[in-house]
Amino acid sequence: MILSSSFKRGLAALLLATPVAALAVGPGAGSQSQSNFRVGNCQVSNMQVIYKLDSLMGEPTVSGSYKWTGNGNCSLPSSTTLWLKVEDGRGGRGYVRLSPAVPKGNAGFGYNTTGSPDWDEALCGFNGNRRTNCLPPNGAKNLWKSGRVTGFSVTW
């Protein structure tokens, strides 16, 4: 098949103008677990966190939830917050906040919807449930592209 040069130029222009949404970038999706710790007045035997940190149209997307086992008569505080630790191989580090609905003990995962924080609030430190010392947008974007979730902390 022989294509005309004007057709080839038109096809090239179309391909260059088409957004590539499939090339989303982020720390990824996965699961982390911790055992034998306290949250408020509750003894947690095990907590499993699932997460997906990605991007869409150049903006970060955050989704995640958790389930826990322990004393079924205990309720975790409604303010329970999870902080996913994101690190890269060069010493970069920040935390992503997850605040899904608090699930009942010995049941399923809590409800959550995907959110999209601003870049200047995507990767931060924390003090209790508050973000501190957030990375500037360019630093957050670089860590988002190169970092991976290496653990989590629980506050309330």
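Structural data are supplied above this passage.
Now for a look at the structure at hand. In this text, all values refer to a predicted model and were calculated from it rather than measured experimentally.

For the structure on display, the rule yields 3 salt bridges. Residues R90 and D88 are paired through a salt bridge, measuring 3.2 Å at the closest nitrogen-oxygen approach. We classify R90 as exposed; its relative accessible area is 66%. The class for D88 is buried, based on a relative accessible area of 15%. Between R131 and E121 there is a salt bridge, with its nearest N and O atoms 3.8 Å apart. Note that R131 is positioned in strand β7 (residues 130–132) and E121 in the loop between β5 (93–98) and β6 (125–127), a separation of 10 residues in sequence. By relative accessible area, which is 28% here, R131 ends up partly exposed. Residue classification places E121 among the partly exposed positions, given a relative accessible area of 37%.

What follows is about the sheet that holds β5. The 3 strands lie next to each other as β5-β4-β8, forming an open sheet whose pairing is antiparallel. Each edge of the open sheet is held by one strand with a lone partner, namely β5 and β8 (148–155). Recorded for the sheet is a direction-independent mean angle of 30° between the axes of neighbouring strands. Direction of pairing for strand β4 (residues 81–87) relative to β5: antiparallel, over a ladder of 6 bridges.

Core analysis: the biggest nonpolar cluster contains 27 residues, and M47, V49, L53, L76, L82, L84 and V96 have the highest contact counts within it. Listing elements by their share of this core, those giving two or more residues are β1 (28–39), β2 (42–56), β3 (59–70), β4, β5, α2 (137–146) and β8. Broken down by element, this core gets its largest block of residues, 6 residues, from β2.

A word on the layout of surface pockets. When its volume is computed, the largest pocket comes out at roughly 170 Å³. Around the largest pocket, the lining is made up of 15 residues, and of these V62, R97, L98, S99 and G115 lie nearest the centre. Going through the elements one at a time, β3 and β5 are the ones with two or more residues in the lining of the largest pocket.

Taken as a whole, this structure holds 2 disulfides when the rule is applied. With its sulfur 2.0 Å from that of its partner, C124 forms a disulfide with C134. Sign of the S-S torsion, about 95° for the bond between C124 and C134, identifies this disulfide as right-handed. Taken together, the residues C124 in the loop between β5 and β6 and C134 in the loop between β7 and α2 connect sequence positions 10 residues apart. With relative accessibility at 3%, the residue C124 sits in the buried group. Each disulfide in the protein chain links cysteines that, numbered along the sequence, combine into the pattern 1-2, 3-4.

Reading the values: the criteria
Residues numbered from 1 in each chain as written. Predicted model: local features only at pLDDT ≥ 70, side-chain atom pairs only at ≥ 80, totals over all residues. Heavy atoms only, no water. Salt bridge = Lys/Arg side-chain N within 4 Å of Asp/Glu carboxyl O. Buried < 20%, exposed > 50% of the residue type's maximum accessible area, 1.4 Å probe, protein only. Helix = DSSP H or I, 4+ residues; strand = E, 2+ residues; numbered from the N terminus. Pairing = 2+ DSSP bridges. Axes fitted to C-alpha atoms, helices over the stretch in contact; angles between N-to-C directions. Core = buried A, V, L, I, M, F, W, Y, C linked by side-chain atoms within 4.5 Å. 1 Å grid on protein atoms, 1.4 Å probe; cavity = no way out; pocket = protein on both sides within 12 Å on 5 of 7 lines; lining within 4 Å. Points joined across faces, edges and corners; volume = space filled by probe spheres on them. Disulfide = S-S within 2.5 Å.

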